[in-house]
Amino acid sequence: MKRVLIVGAGVDAWMAAAGLATATRGLAEVVVAETAPAPSGRIAALPSLQGLHARLGISDEGLVRATNAKPRLAARYSDGIEPFGETGVAIDGVAFHHYWLAAGRPGPLSDWSLAAQAAARGRFAPPSPDPRSPLSTLSYGLSLDAAGYADLLRQVALKAGAVVTDGRPDADLKVDASAGEGLLVAHEPWSDWSAWLPNGVDLAEDSLLATFAPAPAKTGRIAQAMTGDTVAIGTAYGVIGAGDGGDLHLLQGDVSRLIALFPTGPAAVAEYNRLAESALERARDMAILRWGDLSKPPEPLARKIEQFESRGRVVTYDDETWPESAWIHAFLARGIVPRRWDPLADRVPPERIREMLSRMKAMLEQTAETMARV
């Protein structure tokens, strides 16, 4: 039986322990060496976290009880609002924002997002599985009590067979989940991203329309996530300072990769490093776009900006943390507006486009008004 030693505490360590113990039950011994006090405050999570909870058997009711979980429909960065879920609808294969551009930008793009409309009214309803319902376009993130969430993951891990140790026994795989302490990887070379990201953001206002404020962060990453029998996950590997849920999403991805590539070998190590680096750098690029320095962006982000500014196209790569709609809202929030739109949008007369947008907006406003106040 393989032994996995996880060094760390809080959400990072116990998410890794819960994921590995649940997925490898009977194939691996998961041991946790706790090293730090419990986390405090509240943390933001993206909609993707719901998939992990399903795999771990965490119900919505159990999550609410343990963490006082609250839904988040949209986020505010400076003056820009970025909603979850869909914004408008594509028509004849042409993305909605091209019609919005062709109509002369008759209001903020978020006006055509049900999540943004509901958040502005302090209202919420679960998404609908019926594709004919406007509620099917809805998606939402979460705000969680950090200590309660870490304890919930701990309970899941222990129930699945993980154990706690006072020391650091030998192991076939060592997982550094010690966040900024980097207890197992402190000797690794560090790539500094402070020129692009001198600060991070942290949850400042906990509501359906969450607001984020600047927060100190040492941004960057170590050279390789996995070397030999040791792997760094979460912010022990790389930091973008994304208290908006980006860091938590990256941690979730790290755990999923460990499970998919377990047990590790030379080929698995190389693939893990490739995927981890790609995912982290794509999330880094979004953080730079939202609150970083855009004067000399990394080459992949520079290409994204060039393509969107030129013709409204969103370039996507493998391992993107954020969907296309999030990139569109982030570009617009930073004042990056396409100079032209897809010419296929001109197949619809301008007056008909404006009428279509007006009806769509009214329907979303009406739907938002029927949702429950929270």
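The rules we used
- Residue positions are given per chain, counting from 1 as you read along its sequence in written order.
- Side-chain atom pairs in this predicted model are given and counted only at pLDDT of 80 or more, local residue features only at pLDDT of at least 70, and totals for whole chains, interfaces and linings cover all residues.
- Side-chain numbers come from the whole structure's heavy atoms, not from hydrogens or water.
- Stacked, edge-to-face and tilted labels apply to pairs of Phe, Tyr and Trp rings (six-membered ring for Trp) whose centres lie within 6.5 Å, assigned for plane angles under 30 degrees, over 60, and everything in between, in that order.
- Labels follow the DSSP assignment, with helices taken as runs of H or I lasting at least four residues and strands as runs of E lasting at least two, numbered in each case from the N terminus.
- Each residue gets one of three labels from its accessible area relative to the maximum for its type: buried under 20%, exposed over 50%, partly exposed in between, using a 1.4 Å probe on protein chains only.
- Any two strands with at least two DSSP bridges between them are considered paired.
- Every axis in this analysis is a line fitted to C-alpha atoms, fitted for helices over the stretch in contact. Angles between the N-to-C directions lie between 0 and 180 degrees.
- Every angle not falling under 35 degrees, over 145, or within 65 to 115 is termed oblique; those three ranges are roughly parallel, roughly antiparallel and roughly perpendicular.
- Two residues qualify as a contact provided that any one of their heavy atoms is within 4.5 Å of a heavy atom in the partner residue.
- Three categories are distinguished: nonpolar for Ala, Val, Leu, Ile, Met, Phe, Trp, Tyr, Cys and Pro, charged for Asp, Glu, Lys and Arg, and polar for the others, with Gly belonging to the last.
- One speaks of a salt bridge when a side-chain nitrogen belonging to Lys or Arg is within 4 Å of a carboxyl oxygen belonging to Asp or Glu.

Caption draft 1: Structural view of the packing of aromatic side chains. Applying the stated rule across the entire model yields six aromatic pairs. Where Tyr77 meets Phe212, the ring centres are 5.6 Å apart and the plane angle is 10 degrees; that geometry is what we call stacked. Residue Tyr77 is located in strand β5 (residues 74-77), and its partner Phe212 is located in strand β13 (residues 209-216); the two are separated by 135 residues in the primary sequence. The two residues Tyr77 and Phe212 agree in class, both being buried. Look at Tyr77 and Trp291: their rings are 6.0 Å apart centre to centre, the planes differ by 20 degrees, and that puts the pair in the stacked class. Of this pair, Tyr77 sits in strand β5 while Trp291 sits in helix α8 (residues 266-291), and the two are 214 residues apart along the sequence. Here Tyr77 matches Trp291 in class, with each residue buried.

Caption draft 2: Spatial organisation of the sheet that holds strand β8 (residues 141-145). Spatial strand order, β3-β8-β4: three strands in an open sheet with antiparallel pairing. Of all strands in the sheet, those with a lone pairing partner are β3 (42-45) and β4 (70-72), marking the two edges. Strand after strand, the sheet turns through a mean of 30 degrees between neighbouring axes, direction not considered. As paired strands, β4 and β8 are joined by three bridges and run antiparallel to one another. Note on β8: the bridge partner recorded for Lys70 is Ser143.

Caption draft 3: Up close: the packing of helix α3 (residues 60-67) against helix α6 (residues 146-159). Taken N-terminus to C-terminus, the directions of α3 and α6 make an angle of 130 degrees; their axes are 8 Å apart at the nearest point. The pairing of α3 with α6 is recorded here as oblique in orientation. Across the interface between the two elements, Gly62, Leu63, Ala66 and Thr67 of α3 pack against Gly148, Tyr149 and Leu152 of α6.

Caption draft 4: Inspection of the sheet that holds strand β1 (residues 2-8) at higher detail. The sheet built from six strands is open, its strands ordered β9-β2-β1-β10-β16-β15 with mixed pairing. Whereas interior strands pair on both sides, the edge strands pair on one side only; in this sheet they are β9 (163-165) and β15 (226-227). Direction of pairing for strand β2 (residues 28-34) relative to β9: parallel, over a ladder of three bridges. Looking at β9, one finds that Val31 is bridged to Val163.

Caption draft 5: The pairing of β13, seen in detail. As defined by bridge partners, β5 adjoins β13 across three bridges and the pair is classed as parallel. From the neighbouring strand, Arg76 faces β13, where its bridge partner is Thr211. Hairpin connection from strand β12 (residues 199-205) to β13: three residues lie between these consecutive antiparallel strands.

Caption draft 6: Examining the environment of Pro134 more closely. Along the polypeptide, Pro134 turns up in the loop between β7 (123-124) and β8. In contact with Pro134, not counting residues within four places along its chain, are Leu114, Met363 and Thr367.

Caption draft 7: View of the packing of α8 against helix α10 (residues 324-333). Taken N-terminus to C-terminus, the directions of α8 and α10 make an angle of 30 degrees; their axes are 9 Å apart at the nearest point. Considering their axes alone, α8 and α10 lie roughly parallel with respect to each other. Contacts from Arg282, Asp285, Met286, Leu289 and Arg290 in α8 reach Ala326, Trp327, Ala330 and Phe331 in α10. Among the residues making up the contact of α8 with α10, the classes are represented as six nonpolar, no polar and three charged.

Caption draft 8: Region of the structure containing the pattern of salt bridges. If you walk through the whole model with that rule in mind, you get 19 salt bridges. Asp229 is paired through a salt bridge with Lys174; the nearest N and O atoms lie 2.9 Å apart. Of this pair, Asp229 sits in the loop between β15 and β16 (230-232) while Lys174 sits in strand β10 (residues 173-177), and the two are 55 residues apart along the sequence. Overall, the relative accessible area of 23% leaves Lys174 in the partly exposed class. Arg359 is the partner of Glu355 in a salt bridge, and the nearest nitrogen-oxygen pair spans 3.0 Å. On the criterion of helical spacing, the pair formed by Glu355 and Arg359 is a turn pair, its members being four residues apart in helix α11 (residues 350-370).

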